[in-house]
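# An overview of the molecular structure
Single-letter residue listing:
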Amino acid sequence: MRYTALKILENVLTEGKYSNLELVSGLDKLDEKDRALATNIIYGVLQNKMRLDYIIAAYSKMTIKKISSDIMNILRMGVYQALFMDKIPPYAITNESIKLVRKCRKVSASGFVNAVLRGVLRKDKEIKYPENRLEYLSIYYSCPLWIVKMWDKMYPEKLEELLKSMNEKPEFSVRVNTLKISVDEFIKIKGGRKSSVQKDVVILPSGFDVKNDELFIKGLYYPQDEAAALVSEILSPKKGQTVLDLCAAPGGKTTHIAQIMENDGDIFAFDIYEHKLEIIKNTSKRLGISIIHTKLGDALELNEKFIMKADCVLVDAPCSGLGIMRRKPEIRYMKTKEDLGNLAKIQNEILNNAAKYVKKGGTLLYSTCTISDIENDAVTEKFLENNKDFSLSTKQVQLLPCDNGTDGFYIAKFVKR
């Protein structure tokens, strides 16, 4: 089990793969108990990597840069278990870590790994964190300093609360398919409680196999965060309307729009990858939706066929994803501040194209799953500067995990005068 966890960490931290996808493919052969333990260790290491590295550096006689990636990940796993998992005995932590060292054919590193872990377990040293508040928060909550500084400017009064929430396990929420069953009826069958954020969402206990769940197979629900479901509600499409979803895959918001429209009208769902459009088609079929027309197309390229044809246009834009670090903790290590600026340019280009598809009196909704004024407020302001025939129809929404228990989402709705 631990070797499987080690390989997944290697894939994520060394090869840049996403943890959620690696967990699905890498843990499918483990039993439920081992799968739960491996998931805990993997997410724990990813959420606390900077803090773990800081502690390892304090106990290691070798500089971290000289430690190979596999040995470093073995140490991270061991230190995480030692400091964050109180049900694993010390001898098991050291023994299992040494087994991993041998399995990686690094027997010569056994003494080094053993010494570091025993030191951590005995708490031989007092870990002295930086005196500067932002540097301390960056290491303690394992979030790059540039993100900490950005969020400090945006939310100085709740910075630590926000950082802490990004390392907490999100609740498991599903959007009830009201085309087939009411929310109240669903709760009677499945249990759970209604979301306080979005009316179609139910919070369920996690830990069951969704793909083999009878209610899922019958199309009675779609796993979706409350914030993501709120996007389609704020778009507020009507029966019989024409809607464009320019960045549609994997189809959660697209199918929710169809649900709100009571499967009456036309939704054109665009994506640049054919295999992702197939996912939307399969999901639509499972949910009993027939009004979604998938189209291969790039949101950055103007499609003249749809100019002034849409009542509603959704731009759920490609973004840095900093708002979903609870689900993909590795995102914080993959992105740079320069990435945000580059993404903002793309987001503005997509919005400028999207504006041309909207009928007079129609609506355009811009959403991201990030917490970044560069990608959110600044993009909204620039769009309004460049498109004088649009205005904000409602106040922008920024959902935060620490406030709402949801993913971090930004939503801005425009109306074409």
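Whatever comes next refers back to the structure up there.
Because the structure is predicted, anything quoted here is derived from the model rather than measured.

### Looking at the side chain of Lys413
- Here Lys413 shows up in strand 12 (residues 409-416).
- No salt bridge is formed by the buried Lys413; the nearest opposite charge belongs to Glu233, separated by 10 Å.
- Within the structure, Lys413 has its side chain in polar contact with the backbone oxygen of Ile234 (distance 2.9 Å).
- A polar side-chain atom of Lys413 sits 3.5 Å from the main-chain carbonyl oxygen of Leu235.
- Aside from chain neighbours lying at most four places away, what touches Lys413 is Ile234, Leu235, Ser236, Thr363, Leu364, Leu365, Ser391, Leu392, Ser393 and Thr394.

### Brief notes about the pattern of salt bridges
- Applying the stated criterion to the full structure yields 20 salt bridges.
- With a closest N to O distance of 3.5 Å, Lys99 and Glu96 form a salt bridge. Placement of both Lys99 and Glu96 in helix 6 (residues 90-103) is noted, with a separation of 3 residues, approximately one turn of the helix.
- The residue Lys158 makes a salt bridge to Asp403 at a minimum N-O spacing of 2.7 Å. Of this pair, Lys158 sits in the loop between helix 9 (145-154) and helix 10 (159-165) while Asp403 sits in helix 19 (residues 401-404), and the two are 245 residues apart along the sequence.

### Describing the environment of Cys369
- Following the sequence through the fold, Cys369 ends up in the loop between strand 9 (358-368) and helix 18 (377-386).
- With a relative accessible area of 18%, Cys369 lands in the buried category.
- Considering only alpha carbons, one finds Cys369 and Leu322, 47 residues apart in sequence, at a separation of 6.9 Å.
- With near-sequence residues (within four places) excluded, Cys369 lies in contact with Cys319, Gly321, Leu322, Gly323, Ile324, Gly408 and Phe409.

### So, the layout of surface pockets
- If you add up the space inside the second largest pocket, you get close to 270 Å³.
- What lines the second largest pocket is simply Arg2, Lys33, Leu37, Asn40, Tyr80, Phe84, Met85, Asp86, Lys87, Ile88, Ala92 and Glu96.
- Listed by contribution, the elements that provide at least two residues to the lining of the second largest pocket are helix 3 (32-47), helix 5 (69-84) and helix 6.

### Re the environment of Ser236
- Tracing the sequence through the fold places Ser236 in the loop between helix 13 (226-235) and strand 5 (242-245).
- Distance from Ser236 to Ile260, taken between C-alpha atoms, is 7.5 Å for residues 24 residues apart in sequence.

### Re a nonpolar patch on the surface
- Together, Leu302, Ile307 and Met308 give the surface a local cluster of nonpolar side chains, amounting to about 220 Å² of exposed area.
- Within the secondary structure, Ile307 sits in the loop between strand 7 (292-296) and strand 8 (310-316).

### So, empty space enclosed by the protein
- Within this structure, the stated rule accounts for 1 cavity of 30 Å³ or more.
- A volume near 40 Å³ is recorded for the largest cavity.
- As for the largest cavity, its lining consists of Pro170, Glu171, Ser173, Ile203, Asp225, Glu226, Arg326, Arg327 and Gly405.

Reading guide: rules and limits
- Residues numbered from 1 in each chain as written.
- Predicted model: local features only at pLDDT ≥ 70, side-chain atom pairs only at ≥ 80, totals over all residues.
- Heavy atoms only, no water.
- Helix = DSSP H or I, 4+ residues; strand = E, 2+ residues; numbered from the N terminus.
- Buried < 20%, exposed > 50% of the residue type's maximum accessible area, 1.4 Å probe, protein only.
- Lys, Arg positive; Asp, Glu negative; His and termini not counted.
- Salt bridge = Lys/Arg side-chain N within 4 Å of Asp/Glu carboxyl O.
- Polar contact = N/O pair within 3.5 Å; in protein donor to acceptor, adjacent residues only side chain to side chain.
- Contact = heavy atoms within 4.5 Å.
- 1 Å grid on protein atoms, 1.4 Å probe; cavity = no way out; pocket = protein on both sides within 12 Å on 5 of 7 lines; lining within 4 Å.
- Points joined across faces, edges and corners; volume = space filled by probe spheres on them.
- Patch = residues over 30% accessible without salt bridge, like charges linked within 9 Å, V, L, I, M, F, W, Y side chains within 5 Å.
- Areas by Shrake-Rupley, 256 points an atom, 1.4 Å probe, with all protein chains shown as cover.

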